[in-house]
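# Architecture at a glance
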Amino acid sequence: MAPDMNKLRDEQPRFCGLESGHRACQGCGEALAARLVMEGAGPDVMVANATGCLEVFTTAWPQSSWQVPWMHSLFENAPAIASGMDAAMKAKGKNTKVLAFGGDGSTYDIGFQALSGMLERHHNILYVCYDNEAYMNTGIQRSSSTPHAAATTTSPAGKESMGKRHLKKDMLSIIAAHHIPFAASASVAYPADLQRKVRYAMGIEGPTFLVVHSPCPLGWKHDSAATIEVARRAVECGLFPLVELERGTVANVMPIRNRRPVVDYLSLQGRFGHLFKAGDPRAEEERDHLQALADYNIETYGLSGQTDDNLDTTGAGIVRRGGGGA
Amino acid sequence: MREALEGSQAVAKAVSLCKPDVVSAYPITPQTHIVENLSKLVADGDLHTEFVSVESEFSAASVVLGAAAAGARAYTASSSQGVLLMAEVLFNAAGMRIPLVMTVANRAVSAPLSIWNDHADSMAVRDSGWIQIHCENNQEAVDSSIQAFRITQETEIPVMVCMDGFILTHTMEVIDIPEQAMVDAWLPAFHFSRSLDPASPKSIGTLVTPEFFTEVRHSHHEAMRKSLSVIQDTDASWEKASGRACGGLLTVEGETDAKIGIIAMGSTVGTLREGHHRHPESGAAKLIKLRTFRPFPAEAIRQAVAGLDHLIVIDRALSPGLGGILGSEVAATLCGVENAPKLHNHVLGLGGRDIPETIYADLLASVEDPDIPAFSIFDNQPNKLAPEDR
Amino acid sequence: MTQLTRGAFALPGTSLDFKTGNWRSTGKPVHVHAAAPCHSACPAGEDQQAWLAYMQQGQAEAAWRELVAANPLPAITGRVCPHPCETACNRSTTDGALAIHNIERWLGDEAIKHNWAYPVAAPADDAPEVAIIGAGPGGLSAAYHCLRNGLKPVIFEASPEAGGLLRSAIPATRLPRDVLDAEVSRLLALEGLTLHSSKRLGRDVYLDQLQKQYAAVILSPGCQAAWDWDVRGAVPGDLHEGLHLLKEFMDHGAFPEAKNVVVHGGGNTAIDICRLLKRSGAMRVTLVTASGLPGPDTDPADLINVVPRELTEALEEGIEIIDHATINRLILRGSQTTGVEIASLRKIRGVDGRKRRVTFEGTERIIEADMVVPCIGEKVDPEGLESLMNGRAYLAPTDDAGHLANAHTYALGDARGDRGTVAGAIGDGLKAVAAIAVDLAAVQSAAQEIRPELPAEKLNPVYFEVSSRTLAPTLPVAERDFETEIEGDIGRTAAMAEAARCMSCGNCLACDNCWTLCPDNAVLKTQAVTADGSHYVFDLDYCKGCGICAAECPSGFIQMAAED
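Residues numbered from 1 in each chain as written. Chains lettered and ligands numbered in written order. Predicted model: local features only at pLDDT ≥ 70, side-chain atom pairs only at ≥ 80, totals over all residues. Heavy atoms only, no water.

### Quick word on empty space enclosed by the protein
Residues and elements named next belong to chain C. Summed over all chains, the structure comprises 8 cavities of 30 Å³ or more. Here the largest cavity is characterised by a volume of approximately 140 Å³. Along the wall of the largest cavity there are 16 residues; nearest its centre are C518, P519, C543, C546 and C549. Sorting the residues of the lining of the largest cavity by element identifies α17 (513-517) and α18 (548-552) as the ones contributing at least two each. When the residues that make up the lining of the largest cavity are grouped by side-chain class, the tally is 12 nonpolar, 2 polar and 2 charged. (1 Å grid on protein atoms, 1.4 Å probe; cavity = no way out; pocket = protein on both sides within 12 Å on 5 of 7 lines; lining within 4 Å. Points joined across faces, edges and corners; volume = space filled by probe spheres on them. Helix = DSSP H or I, 4+ residues; strand = E, 2+ residues; numbered from the N terminus. Nonpolar A, V, L, I, M, F, W, Y, C, P; charged D, E, K, R; others polar.)

Shown next as C-alpha cells:
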C-alpha cells in the first residue's frame, strides 16, 4: 500500500529547512548543499540570503521552500543584513542563530566588503558561501572564484583565449587573515563532513565561515547524475582542499588517501573541454598548470594521507549498513 | 528641558529618547556629529543599543534593514555620497515595507566634491518609496525625528528626516529636549507584524512576476497617500503632548491677502521668514513651508496657493536638463487647476552657497522682472564661467 | 485568486504546491531487487548476499539459517565446492572477490559445534512419502527439502554408510571424515527421515515397486560406472580406472606400487588421484589433459575444470601437468606399461560448429610411465534403471527440476549428465522437491521471479572500504599427509570482516546515501518496510530525475528506468 506522502514527509527523522518544490536544476549541487546545511543548523535560525540561484529558485512568490525565517535583500549585502539581524537578536536578548548565505559571486566579489566588515565586527553569524565558481543565476559569467582555464560566457575559450586567465581567488587565506574562530571548506561529496562543520560552527559564539563546493551541471557542463562524483574528484585531485582554520591557522585537513590526477576531474566537465583538444599545445600547458596548482595545494596544506585514516577522502565516504555514517 | 545644543547633538538625543534597539552608521560629513554623539551616549551608558560601526553606508542601511526585519527598532543617518551608495538598499527596504528611520543631513552630491548643503542627496532618492520630511530648524529636527519613529511603525513605510547639513547640524540653538517619560508615553513600543521569527517563519524579499508586481507597487503608492493623514495626525498628537507642532504637511503664514506666495523646504524657510520680518517694505507674500515632500501633498498645496497670482518655488537642488525639482512637481500639481498662479521656479544655495536674508526682497522683486525667466538658478554668477560654458 | 501579502512575503514550505516531478524527462529512479551474481551463479541456489547481510549484523546463526534454506551441507560445500559464486562476485573487479567459500565453511563448522537446529519440523504422520535412491549430496539434499515441505523422505542407499561421493571419492585432506560424519549425521537425525542403508536398486528394491508405493521417486544414484578407455584399441593389463582407484584408496588406504604415473584426464578426481599417488610415494606423477591451464589468454570454455586452489596445491606438491595434450600411443612390454606417447591437441570448432579434438602431427613425444590411470569421467550404472536409461549414459530429465518422462520420478545430480558438482546436486534436490510439493498439493507453482543479475558497473565502489580478501591458512607442503586437512579455518573475526566486504549487489544497504544526497528532498525514509522490501520511497511528485541517487547507490539497488 502506498504510504501517505504528506504524513511521511512530516515524520522524517531530520530537520527539513529547505523543502521540495524548489526550482533548482536537476542535480543542483547548491540546492543539495543548502539542504544539508539547513539540516545541520536546525530550526532556531534566521537566514539572510544574497541574490543568486539559491534565493531565486526558492522564493518565487507566493511560494517559498524555506521552513525558517528568511530574508533576501540585495546581491552584495547579505553579511550586512545578517549583522543587523544579529544586532537585533542581541538587543532583544534572543538566542536565534543568524545565518548568511551567498554564492561565490556575492561572497568573493560584490559582497566581499560587507563580508569583511561583518567578520571584523565579530558578529555571531555563520556565513555559508555556496561556491559554484561563476555567476550562474545570470547565465554562467565568470567570478573571481572561477578556476583558472575554466570557460564561462565572459571567459570563453577560443583562438585568443584558453578560458579564465586569472586564478581562483584564495578566499580562505583572506578569511584566515580576519582571525575568526572558525572557517572551513567543505564539499557536497562529503555530506557527513559538511554537517559536522556546520554543527561545529553553529556552536561557536562569533563569526564563522564555510565555503561549500557545489557543482553546477548546467554551468560546468556535466551530467546531472555526476554532481557528487565531480565534487569528489575535485577534492581527490587537490584542486578543492577541505581544510579547517581556527583563528586563521590551519587546524585540520581532510587527507587525500589516493590522489587523482587533475585530468580525472577536468575530463568530466564541458567547461574544461578546450583543455582536451588534440593537437592544441596550449591545452597541454593548461592541464599542466592546473596539475601544478593542485600539487601546490597538496603541499601547502599537507593533504597527502599517509595512513588509512577514516576521516580521509576514502574513509569519510564509507557507508555502513543501516546508515549513521556521521 | 531647554538646552543650547548643536543640531547634531540634539538629534542624537532625540533618537536616544526613542530607545532604538540597533543603530548603525558610517561617518560622512556633515552627519558625523550625530553618530559621534550617539556613540558617546552609548559609551556613557545613557543609551542601550546595539551600535554597529559598519564599513560603508551600504552596509549601514543593510544592517538596520536586517535589524528591523528581525523585529528591532533601528536607526541610521547619512548624507550625500552615502545616501547614493545606499540607494539600492533604500528602494529595497521600502519595497519590503520595513519600518526604519533615517536622518539625512542634506549635502551636495559629487562631482564636484562639496561638503556643504543642498538637497541633491534626498532628491536623488525621492522615488525610493520612503516618506521624506524636511526640517526648518533644529527643534523641528528633534520633534520630527521622534515623530518619525511613530509614523514608520504605523505606516510600515520607512521615514527619512531631512535637515540641512552644517546649517542645521552644526549650528547651536536653544532646543527643548523632551523628557524621557513623555516620549515613553507618547511613542508605543516597537512592533512589526511581519518580523522574522522561528515560531512563525516567513520568507521576505521574494521574486514577484509581472502578474503581481503592479499590485505591490499600487499598494505602496496607496499606503503613501494614506500616510498623508498619518503624518498630520501624528504632528497633531505631538503638539498635544509637547505643545509644539512641526507643521503637519505644510504651513502657510504671512499676509492673508497677499497675491505672491513663496514655497520652500528646510532651513531656507527660516531665512525667508527672517527676511520678511526685516524688510516688510519689500512687499506682502504668503510663505508656504513644505514639510512633507514625500508623499507629495498635492491637495494641500493646491489649497495653499488658491487665490495667488504668483508662486515662487524655491529649489535647493537641480535636475540638470530639466530645471527645478520641487518646481516641476508643483507645476504638475497645478496643471489644469483654474486660476493657478504663475510659477517662478528658482534654484538657490547649491553646494552650500549662502542664502542671505535679503533674498526675500530679491525674490519678490523678481516676480515682475521680464529678464528673469520662469526657471532660473537665481544666485548664478555667470561671469565666473568661460563664455562657452555660460 | 491569490492575494498579495504586504511586501510580498511568502509562507514557509509553500513550494510544496509546485510539483517539480513533472520536470522529469529522461527517467525516474526505481528500486531493482536484482540478483547478486553470487546468487545467480550458485548451483545450490543459495542467496549469499542475504546470509552475508546477517553476518554483517553479527548474527551468525541467522546467517546459517538463511544459508540452509537452500543448502543443508555448508560444512561440506564450504570445503569442496569450486565456488562459482566467488568467480562471479562483483568485488573481484575492485579489490578481490569475497571469500564466500571460507565463510560458508566457518558457518557450517559453527553449526556443528553449537548444534544449531535445522529450520525444519517433523512432517505429519499422514504426510506423503517420497522414495530417494542414493544418500549422496543429491539424495541428502532432497531428503532435507522433503522435510521442509512437510513430506516424508525414505532413502535407499546401496553402501553401508551415507555420503556417496563425499565419502568414497574425496580425500580426507579436503573433507575430513569427522566433519563429513558430523554434518551427515545431523541431517539423518532429523525427525521424519528414514534411511535404509545397504539396499541396492535392482537387487534389494525395484523401481516399479517404488513408483507404485511412494508418492514420488527421486533418483540420485551418481555415476558409478567408468567410461571405457583405450588408446587405439590398446589397453594395459594393469589398467586402473581413476575413480575406482580413488575409491579403493579411500577404503583400503593403499595404491598399487608405481614410480612414474601418468594420469589421463582432467577434473577434480584426476587431480585428487595425482596428489594421493604422489603423497603415497610415486616418484613422478604427470597429468595429461586436453584442457588448458589458467592464463591470461585462456578461454574459460577451455580451462581445466578443477577448483583453483586444488590446482595450486597440486602444483605445490610437485604434480606435473601437460595441458593441451592427449595420449597417442601406449608403450607396452607385453601387457605392462613402460611409457606413453603424447601429442599436442586442441579442441577446435569445425565448420559444423561442433568441437572436435585435433591432434597435431609432429608434436609426438614419449614419457616414461609404469602406470597409466585414465580419469575421463563416469556414467550411470544402469543396474535397476534399465527402463529409464534405454542404453544412454545418463538419465535424461526434461527440465531443471529433474522431471523424467515417467510420472513422479525425478533425476538429480551427476546422474543427469549435465551437472558436475556437489552444489549442483544439492540444488537439484531443492528443485525436485519443490516440483513434487507443487504436484502433490495440486497447486500452480508460483511464477518464478526472474530477477536480473546486477553487473559490476552498477555498483559504486567508492563507498566501500578498500580491503583485500582474507586468505585461508594452508598447510605447508612438507607437512601434508593423508589425514590432515590442508586448508584451514579463517576464524570468527576474519569471517565477520570478510562478510563486511560484501557489497550487497542489488540489495538495499540502508546506508542512507539516497536520502542524504537528493537535492530535492524527494527520497523519504519509512519505518515500515515498503512493497519493494526497503525503507525508502521516492516522492515522484518532486523527483526531477537527476539520477544522483542511482549514481551514488553503493549496491546498485537504485536504477533509472523509463517512465511508464
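Read on for the rest.
### Some words on the environment of C:D228
All names here are of chain C. Looking at the secondary structure, you find D228 in the loop between β6 (225-226) and α11 (242-252). Its relative accessible area of 67% is what places D228 among the exposed residues. Along the backbone, D228 and P374 are 146 residues apart, and their C-alpha atoms lie at a distance of 9.1 Å. (Buried < 20%, exposed > 50% of the residue type's maximum accessible area, 1.4 Å probe, protein only.)

### A few points about unusual backbone geometry
The general pattern is negative phi for most residues beyond glycine and trans for most peptide bonds. With an omega dihedral of 0°, the bond running from B:S110 to B:A111 counts as a cis peptide bond. The step from B:R294 to B:P295 runs through a cis peptide bond, and the omega angle for that step is -5°. For A:H122, which is not a glycine, the phi torsion comes out positive at approximately 60°. Take A:H122: it is sitting in the loop between α6 (112-120) and β4 (125-131). A residue is classified by how much of its surface remains accessible, and A:H122, at 37% relative accessible area, is partly exposed. At A:E133, a residue that is not glycine, the phi angle is positive and equals roughly 65°. Along the polypeptide, A:E133 turns up in the loop between β4 and β5 (157-158).

### Some words on the interface of chain A and chain C
Each partner contributes to the interface: chain A provides 47 residues, whereas chain C provides 57 residues. Contact with chain C buries surface across chain A, with A:W61, A:V319 and A:R321 losing the most and accounting together for 18% of the total. Close ionic contact of C:E465 with A:R257 constitutes a salt bridge, the shortest N to O distance being 3.1 Å. The interface formed by chain A and chain C contains 32 residue pairs in polar contact (both at pLDDT 80 or more). Taken together, the residues that form the side of chain A that touches chain C break down as 21 nonpolar, 16 polar and 10 charged. (Contact = heavy atoms within 4.5 Å. Buried area = accessible area lost by both parts, 1.4 Å probe. Salt bridge = Lys/Arg side-chain N within 4 Å of Asp/Glu carboxyl O. Polar contact = N/O pair within 3.5 Å; in protein donor to acceptor, adjacent residues only side chain to side chain.)

### Observations regarding the nonpolar core
By size, the foremost hydrophobic cluster in this structure holds 142 residues, and its most contacted members are A:L99, A:F101, C:W51, C:M55, C:L107 and C:I218. Per-element tally for this core: the top contributor is helix α2 (residues 29-41) of chain A, with 8 residues. If we ignore the near neighbours within four places in the chain, the residues touching A:F101 are A:V37, A:M38, A:V47, A:A48, A:N49, A:A50, A:L54, A:W66, A:A78, A:V128 and A:Y130. (Core = buried A, V, L, I, M, F, W, Y, C linked by side-chain atoms within 4.5 Å.)

### Focus on helix α12 (residues 281-301) of chain A
Residue and element names in this part refer to chain A. In this model, α12 (21 residues) spans 31 Å end to end at C-alpha, consistent with the 30 Å of a helix rising 1.5 Å per residue. Those residues of α12 lying buried are A283, E286, L290, A294, N297, I298 and Y301. Summarising the axial view, the buried residues of α12 lie within an arc of 125°, below the 170-degree limit, and thus occupy one face. For α12, the exposed residues lying more than 90 degrees away from the buried face are P281, E285, Y296 and E299. On its buried face, α12 sits against β6 (161-162), α7 (171-176), α10 (227-237), β9 (243-246), β10 (249-253) and α11 (262-266). Structurally, the start of α12 carries an N-cap: the backbone nitrogen of R282 is 3.0 Å from a side-chain oxygen of D280. Positive phi appears at G302, one or two residues downstream of α12, with a value of about 60°. (Expected span 1.5 Å × (residues − 1). Arc of directions from axis to C-beta.)

### Section: the sheet that holds strand β7 (residues 260-265) of chain C
All names here are of chain C. Strand order in this open sheet of 4 strands is β9-β8-β7-β14, and the pairing throughout is parallel. Two strands bound the open sheet, and with one partner strand each, they are β9 (320-322) and β14 (371-375). Between one strand and the next, the sheet's axes are offset by a mean angle of 20°, whatever the strand orientation. Relative to strand β8 (residues 284-288), β7 runs parallel, the two sharing 5 bridges. Bridge pairing in β8 links V263 to L287. (Pairing = 2+ DSSP bridges. Axes fitted to C-alpha atoms, helices over the stretch in contact; angles between N-to-C directions.)

### Observations regarding the state of the cysteines
Considering all chains together, one arrives at 0 disulfides over all chains under this definition. The closest cysteine sulfur to the non-disulfide-bonded A:C28 is located on A:C25, 6.4 Å from its own sulfur. (Disulfide = S-S within 2.5 Å.)

### Here we look at the interface of chain B and chain A
Facing the 35 residues of chain B at the interface are 39 residues of chain A. Of the roughly 2,700 Å² buried at the junction of chain B and chain A (both faces included), carbon and sulfur atoms supply 65%. Ranking the residues of chain B by area buried against chain A places B:E55, B:P198 and B:L207 at the top, with a combined share of 19%. A:R121 is paired through a salt bridge with B:E55; the nearest N and O atoms lie 2.7 Å apart. The interface formed by chain B and chain A holds 13 residue pairs in polar contact (both at pLDDT 80 or more) in total. At the level of elements, β3 (50-53), α3 (57-69), α5 (87-95) and β9 (203-204) of chain B are the ones that each hand at least two residues to the side of chain B that touches chain A. By residue number, the principal contributor to the side of chain B that touches chain A is α3(B), which donates 8 residues. With 2 bridges connecting them, strand β2 (residues 70-72) of chain A and β9(B) associate as parallel partners.

### Re the packing of aromatic side chains
Working definition: an aromatic ring pair is given by the centre-to-centre distance plus the angle between the planes. Overall, the coordinates contain 19 aromatic pairs over all chains when judged by the stated rule. For the ring pair A:F75 and A:Y135, a centre distance of 6.0 Å and an interplane angle of 75° mean the geometry is edge-to-face. Here A:Y135 lies in the loop between β4 and β5 and A:F75 lies in the loop between β2 and α4 (78-91), a separation of 60 residues in the sequence. You can call A:F75 partly exposed: its relative accessible area is 24%. An angle of 45° between the planes, with centres 5.5 Å apart, marks the rings of C:F249 and C:F482 as tilted. Of the two residues, C:F249 is situated in helix α11 and C:F482 in the loop between α15 (422-441) and α16 (491-499); the sequence distance between them amounts to 233 residues. A residue is classified by how much of its surface remains accessible, and C:F249, at 9% relative accessible area, is buried. The partly exposed category is assigned to C:F482, whose relative accessible area is 28%. (Phe/Tyr/Trp six-rings, centres within 6.5 Å; stacked < 30°, edge-to-face > 60°.)

### Focus: the sheet that holds strand β5 (residues 101-106) of chain B
Residues and elements named next belong to chain B. As summarised here, the arrangement of the 7 strands in space is β3-β2-β4-β5-β7-β6-β13, forming an open sheet in which the pairing is mixed. Strands at the two margins of the open sheet, each flanked by one partner only, are β3 and β13 (292-294). Within the sheet, the average angular offset between the axes of one strand and its neighbour, ignoring direction, is 20°. Pairing between strand β2 (residues 22-25) and strand β4 (residues 74-78): 2 bridges, direction parallel. What sits directly across from V22, in β4, is A74. Set on the sheet, helix α2 (residues 32-43) makes contact with β2, β3, β4 and β5; between it and β3 the angle comes to about 135°. In the packing of helix α7 (residues 138-155) onto the sheet, the strands contacted are β4, β5, β6 (131-134) and β7 (159-164), and the crossing angle to β7 comes to about 170°.

### A word on the side chain of A:E236
Structurally, A:E236 can be placed in helix α10. The contact partners of A:E236, leaving out residues within four places of it in the chain, are A:Y190, A:I256, A:N258, A:R259, A:R260 and A:T313.

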